[in-house]
Amino acid sequence: MPDVLDGVTVADLNAELRKRFKIGDDVKGALVTNVTPDSACAEADVRAGDVIVDIDGKRIATADDAVKLSEEVKTKSSVRLRISRSGATQFVVVEEKKE
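My aim in this report is to walk through the structure given alongside it, one point at a time.

About the cut-offs
Residues numbered from 1 in each chain as written. Predicted model: local features only at pLDDT ≥ 70, side-chain atom pairs only at ≥ 80, totals over all residues. Heavy atoms only, no water. Helix = DSSP H or I, 4+ residues; strand = E, 2+ residues; numbered from the N terminus. Rg over C-alpha atoms; globule rule 2.2 N^0.38 Å. Buried < 20%, exposed > 50% of the residue type's maximum accessible area, 1.4 Å probe, protein only. Contact = heavy atoms within 4.5 Å. Areas by Shrake-Rupley, 256 points an atom, 1.4 Å probe, with all protein chains shown as cover. Lys, Arg positive; Asp, Glu negative; His and termini not counted. Charge placed at Lys NZ, Arg CZ, Asp CG, Glu CD. Core = buried A, V, L, I, M, F, W, Y, C linked by side-chain atoms within 4.5 Å. Salt bridge = Lys/Arg side-chain N within 4 Å of Asp/Glu carboxyl O. Polar contact = N/O pair within 3.5 Å; in protein donor to acceptor, adjacent residues only side chain to side chain.

1. Concerning the overall build of the protein
Here's step 1: Counting its secondary structure elements, the protein contains three helices and six strands.
Here's step 2: Across the protein, helices and strands are ordered from the amino to the carboxyl terminus as β-α-β-α-β-β-α-β-β.
Here's step 3: Taken against the 2.2 N^0.38 rule, which gives 13 Å for 99 residues, the C-alpha radius of gyration of the protein at 12 Å falls within 12% of a compact globule.
Here's step 4: Considering only C-alpha atoms, the protein reaches an extent of 40 × 25 × 20 Å along its principal axes.
Here's step 5: Considering the protein as a whole, with its 99 residues, one finds that 40% of them fall into the buried category.
Here's step 6: Nonlocal contacts in the protein, meaning residues at least 24 apart in sequence, comprise 52% of its contacts between residues at least 6 apart.
Here's step 7: Carbon and sulfur atoms make up 47% of the accessible area of the protein, which totals about 5,800 Å².
Here's step 8: Distance between charge centres in the protein, computed from 16 positive and 19 negative side chains, equals 5 Å.

2. Observations regarding the nonpolar core
Here's step 1: Within the largest apolar cluster, 20 residues are counted, with the highest numbers of intra-cluster contacts made by L5, V46, I52, I55, I60, L81 and V94.
Here's step 2: Those residues in contact with I55 that lie beyond four places of it in its chain are L5, I60, A66, L69, S70, V73, R80 and L81.
Here's step 3: L13, L17, I23 and V27 belong to the second largest nonpolar core, which has six residues in total.

3. Some thoughts on the environment of L5
Here's step 1: Inspection of the secondary structure puts L5 in the segment before β1 (8-12).
Here's step 2: Note: C-alpha distance between L5 and A40 (35 residues apart in sequence) is 7.0 Å.

4. Looking at the pattern of salt bridges
Here's step 1: Under the definition given, this model contains eight salt bridges.
Here's step 2: Of the charged contacts, one joins R82 and D54 as a salt bridge, the two residues approaching to 3.0 Å between their closest N and O atoms. On the criterion of sequence distance, the pair formed by R82 in strand β5 (residues 78-85) and D54 in strand β3 (residues 51-55) is long-range, its members being 28 residues apart.
Here's step 3: By relative accessible area, which is 4% here, D54 ends up buried.
Here's step 4: Among the charged side chains, a salt-bridge network with shared partners connects D45, R47, D50 and R85.

5. A closer look at unusual backbone geometry
Leaving glycine aside, a negative phi is the common case for residues, and trans is the common case for peptide bonds.
Here's step 1: Of note, the phi angle at K22 is positive, near 55°, even though the residue is not glycine.
Here's step 2: Summarising the element assignment, K22 is placed in the loop between α1 (15-21) and β2 (30-35).
Here's step 3: Notably, D38 is not glycine yet its phi reads approximately 70°, a positive angle.
Here's step 4: Mapped onto the elements of the fold, D38 is located in the loop between β2 and α2 (40-43).

6. Re the side chain of R85
Here's step 1: Structurally, R85 is set in strand β5.
Here's step 2: At 2.5 Å, the side chain of R85 forms a polar contact with the backbone oxygen of D45.
Here's step 3: A distance of 2.7 Å separates polar atoms of two side chains, one belonging to R85 and the other to D50.
Here's step 4: Among residues more than four places away in sequence, those in contact with R85 are D45, V46, R47, D50 and Q90.

Pasting the structure below:
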């Protein structure tokens, strides 16, 4: 089964990235730096500049956390992400792409 989070590149938040993407110091998580077009995440409207705050209810503090949790959920056909975008928190469901 394909990894539903395949196609997303994440990075740790630092002062430079917070400034570039206008992310407040209170936001914790993994910054999405790239989303592959036509990926499951792109279809779910995950965007570069989003911060993944949790994956299926498990908190994310670093890019490493996001990578490790994506490995844990890779056999699922869908996952729920809580993301921070433009100062607001929202939930996004990423579903396995149907070929």
